[in-house]
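Structure assessment
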Amino acid sequence: MTIPLPYRKRAQRDRVRQDWIDERLREARIVVADVVNHSDHLIRLACNVLVQHGETAAEREDARILLVVLDARSPGRAGRHRPDPEVRR
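Note that the structure is predicted; figures quoted are calculated from it, not measured. In every chain, residue numbers begin from 1 and rise along the written sequence. Owing to the predicted nature of the model, reporting of local features is limited to residues with pLDDT of at least 70; listing and counting of side-chain atom pairs is limited to 80 or more, with chain, interface and lining totals taken over all residues. Water and hydrogen atoms were dropped before computing side-chain values, which therefore reflect all heavy atoms in the structure.

One side-chain nitrogen of Lys or Arg within 4 Å of one carboxyl oxygen of Asp or Glu is enough to make a salt bridge. A full pass over the atoms with the stated rule returns seven salt bridges. A salt bridge links Arg-64 to Glu-61, with the nearest nitrogen and oxygen atoms 2.6 Å apart. Of this pair, Arg-64 and Glu-61 both sit in helix α3 (residues 57-73), three residues apart, roughly one helical turn. Given the relative accessible area of 40%, Arg-64 is considered partly exposed. Think of it in three bands: residues with accessible area under 20% of the maximum for their type are buried, residues over 50% are exposed, and the middle band is partly exposed, with areas taken using a 1.4 Å probe on protein chains only. Assessed through its relative accessible area of 34%, Glu-61 is described here as partly exposed. Beyond isolated ion pairs, a larger network of salt bridges with shared partners links Arg-29, Glu-55 and Glu-59. In this description a helix means any DSSP run of H or I spanning at least four residues, a strand means any run of E spanning at least two, and both kinds are numbered starting from the N terminus.

Now the structure itself:
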């Protein structure tokens, strides 16, 4: 007589995981809704979550556009590790 493995209930684990994902999505939406009061780093994290896991195509696209706006606001961030070929000292 053997015990079937895995002996954990898969449905319960999946339900807990989905609840965790839903909570992270809720937090990401709260950060994006209140952009003025959050750091750029936190907004980037929230946008990346929404781009990957957003419920609608419009939500994912809006988060992607906000990432583009954040990159435009801090131009030194995108090319920080690449030297500018036009500038020679």
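Let us look at the packing of helix α2 (residues 40-53) against α3. Between N-to-C directions, angles cover 0 to 180 degrees, with each direction set by a line fitted to C-alpha atoms, over the stretch in contact for helices. At a minimum axis separation of 8 Å, α2 and α3 run at an interaxial angle of 150°. Considering the angle they form, α2 stands roughly antiparallel to α3. The handedness of the crossing between α2 and α3 comes out as left-handed. Together, Asp-40, Ile-43, Arg-44, Cys-47, Asn-48, Leu-50 and Val-51 of α2 and Glu-59, Arg-60, Ala-63, Arg-64, Leu-66, Leu-67, Leu-70, Asp-71 and Arg-73 of α3 make up the contact between the two elements. By definition in this entry, angles of less than 35 degrees are roughly parallel, angles greater than 145 are roughly antiparallel, angles of 65 to 115 are roughly perpendicular, and the rest are oblique. A clockwise turn of the near helix away from the far one marks a right-handed crossing, whereas an anticlockwise turn of less than a right angle marks a left-handed crossing. In this description, contact between two residues means that some pair of their heavy atoms is separated by no more than 4.5 Å.

Another point: the nonpolar core. Ile-21, Leu-25, Ala-28, Val-31, Ile-43, Ala-46, Cys-47, Leu-50, Ala-63, Leu-66, Leu-67 and Leu-70 together form the largest nonpolar core, which totals 12 residues. Setting aside its immediate chain neighbours within four residues, Ala-63 contacts Cys-47, Leu-50 and Val-51. The definition of a nonpolar core used throughout is a set of buried Ala, Val, Leu, Ile, Met, Phe, Trp, Tyr and Cys residues joined through side-chain atoms within 4.5 Å.

Every residue gets a pLDDT, meaning the predictor's confidence in that residue, from 0 to 100. The pLDDT averaged across the protein works out to 84; a share of 74% of its residues lies at or above 70. Averaged pLDDT values over the elements of the protein bottom out at 63 in helix α4 (residues 75-78) and peak at 95 in α2.

This part covers α3. Expected helix span is taken as 1.5 Å per residue step, with the number of steps being one fewer than the number of residues. A rise of 1.5 Å per residue sets the reference length of α3, with its 17 residues, at 24 Å; its end C-alpha atoms lie 24 Å apart and thus fit the reference within 8%. Taken together, the buried positions of α3 are occupied by Glu-59, Ala-63, Leu-66, Leu-67 and Leu-70. On an axial view of α3, the arc spanned by its buried residues comes to 105°, and they lie on one face. When the buried face of α3 is taken as reference, the exposed residues oriented beyond 90 degrees from it are Ala-57, Ala-58 and Ala-72. Relevant arc is that of directions from the helix axis to the C-beta atoms, nothing else.

Three- or four-residue spacings in an α-helix give side chains the same orientation, since the helix completes a turn every 3.6 residues. Taking 1.5 Å as the rise per residue, helix α1 (residues 10-33) with 24 residues should run 34 Å; its terminal C-alpha atoms sit 35 Å apart, in good agreement. Buried within α1 are the following residues: Ile-21, Leu-25, Ala-28 and Val-31. Those residues of α1 that are buried are in contact with α2.

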